[in-house]
Amino acid sequence: MFNSERPAGTGVILVTFVAAALLEVVPLNDTLNWVRPDWMLLVLLYWVVALPHRIGVLWGFALGLYHDVLVGTTLGQWALAYAVGTYFMLAAYKRMRVFPLLQQSAVVFLLVGSANLLAFLVQESVGRAFYPPYTILYSAAASAVIWRPVCTVLRWSQHRFLVR
């Protein structure tokens, strides 16, 4: 007997996270590196809004640990930031679904900015922060601008590969 309510598409979700990880480590010059969107967090936030019953804080923590190892930062820095960002998105995912584009981008700006600030504070506490704190806003703004195209691509892949 076929159960249409069974979750499917975990492989597609994992592939989107791997693609985001590749975009995180693409080498850029110093000027553009400050404006790099937080690809992993954007993809994570999309899947939290799209599938809140499957993607939660544990996914955020695990992806944050993966991001820590990937970019060589203090272990747990991004894990904490992604878990907190995921928690707040889980609390607001129903509202996020009905928000217009500008409000969604504002929420993404706040969440990415908060996650980056939290990561900066962890770096500062261990003495590894080598950049000014206002640069956090550049990445948050770039993530807010790129939010809609990311949603479009991920929504297409969700429907194309029947992720539920």
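Please read all numbers here as calculations on a predicted model, not as lab measurements.

J.: Explain the packing of helix H3 (residues 39-50) against helix H5 (residues 77-98) here, please?
T.: The description of two packed helices rests on the angle between their axes and on the distance between the axes. Following both chains from N to C, one finds H3 and H5 inclined at 45 degrees, their axes separated by 8 Å at the closest point. Between H3 and H5, the angle is such that the two are oblique. Here the hand of the crossing between H3 and H5 comes out right-handed. Taking contact as the criterion, the partners of Met40, Leu41, Leu44, Leu45, Val48, Val49 and Ala50 in H3 are, on H5, Tyr82, Gly85, Thr86, Met89, Leu90, Tyr93, Met96 and Arg97. A breakdown of the residues in the contact of H3 with H5 according to their chemical character gives 12 nonpolar, two polar and one charged.

J.: Explain the nonpolar core here, please?
T.: Soluble globular proteins tend to bury their nonpolar side chains together. With 36 residues, the main nonpolar core has Leu44, Trp47, Tyr82 and Trp147 as its most contacted residues. The element contributing the most residues to this core is H3, with 12 residues. Apart from residues lying up to four places away in sequence, tryptophan 147 is in contact with Leu42, Leu45, Tyr46, Met96, Gln104, Ser105 and Val108.

J.: Before we go on, may I ask you to explain unusual backbone geometry in this structure?
T.: Peptide bonds are trans in most cases, and residues, glycine excluded, mostly fall at negative phi. Although it is not a glycine, leucine 162 sits at a positive phi angle of roughly 55 degrees. Mapping leucine 162 onto the fold places it in the segment after helix H7 (136-160).

J.: Got a minute to help me understand the layout of surface pockets in this structure?
T.: Its boundaries defined by the atoms lining it, the largest pocket holds a volume of some 750 Å³. Considering the residues around the largest pocket, the lining is formed by 23 residues, among which Asn33, Trp34, Trp78, Gln123 and Tyr131 are closest to the centre. Breaking the lining of the largest pocket down by element, the ones donating at least two residues are helix H2 (30-33), helix H4 (57-71), H5, helix H6 (101-125) and H7. Broken down by class, the residue content of the lining of the largest pocket amounts to eight nonpolar, 10 polar and five charged. In this model, the second largest pocket occupies a volume close to 210 Å³. Lining the second largest pocket are Val15, Thr16, Ala19, Ala20, Leu23, Trp39, Val43, Val150, Val153, Leu154, Ser157 and Phe161. Put simply, the parts of the chain that give the lining of the second largest pocket at least two residues each are helix H1 (10-24), H3 and H7. Counting residues per element, the lining of the second largest pocket draws most heavily on H1, at five residues. Among the residues making up the lining of the second largest pocket, the classes are represented as 10 nonpolar, two polar and no charged.

Criteria and thresholds
Residues numbered from 1 in each chain as written. Predicted model: local features only at pLDDT ≥ 70, side-chain atom pairs only at ≥ 80, totals over all residues. Heavy atoms only, no water. Axes fitted to C-alpha atoms, helices over the stretch in contact; angles between N-to-C directions. Helix = DSSP H or I, 4+ residues; strand = E, 2+ residues; numbered from the N terminus. Parallel < 35°, antiparallel > 145°, perpendicular 65-115°, else oblique. Left-handed = near helix turned anticlockwise from the far one by under 90°. Contact = heavy atoms within 4.5 Å. Nonpolar A, V, L, I, M, F, W, Y, C, P; charged D, E, K, R; others polar. Core = buried A, V, L, I, M, F, W, Y, C linked by side-chain atoms within 4.5 Å. Buried < 20%, exposed > 50% of the residue type's maximum accessible area, 1.4 Å probe, protein only. 1 Å grid on protein atoms, 1.4 Å probe; cavity = no way out; pocket = protein on both sides within 12 Å on 5 of 7 lines; lining within 4 Å. Points joined across faces, edges and corners; volume = space filled by probe spheres on them.

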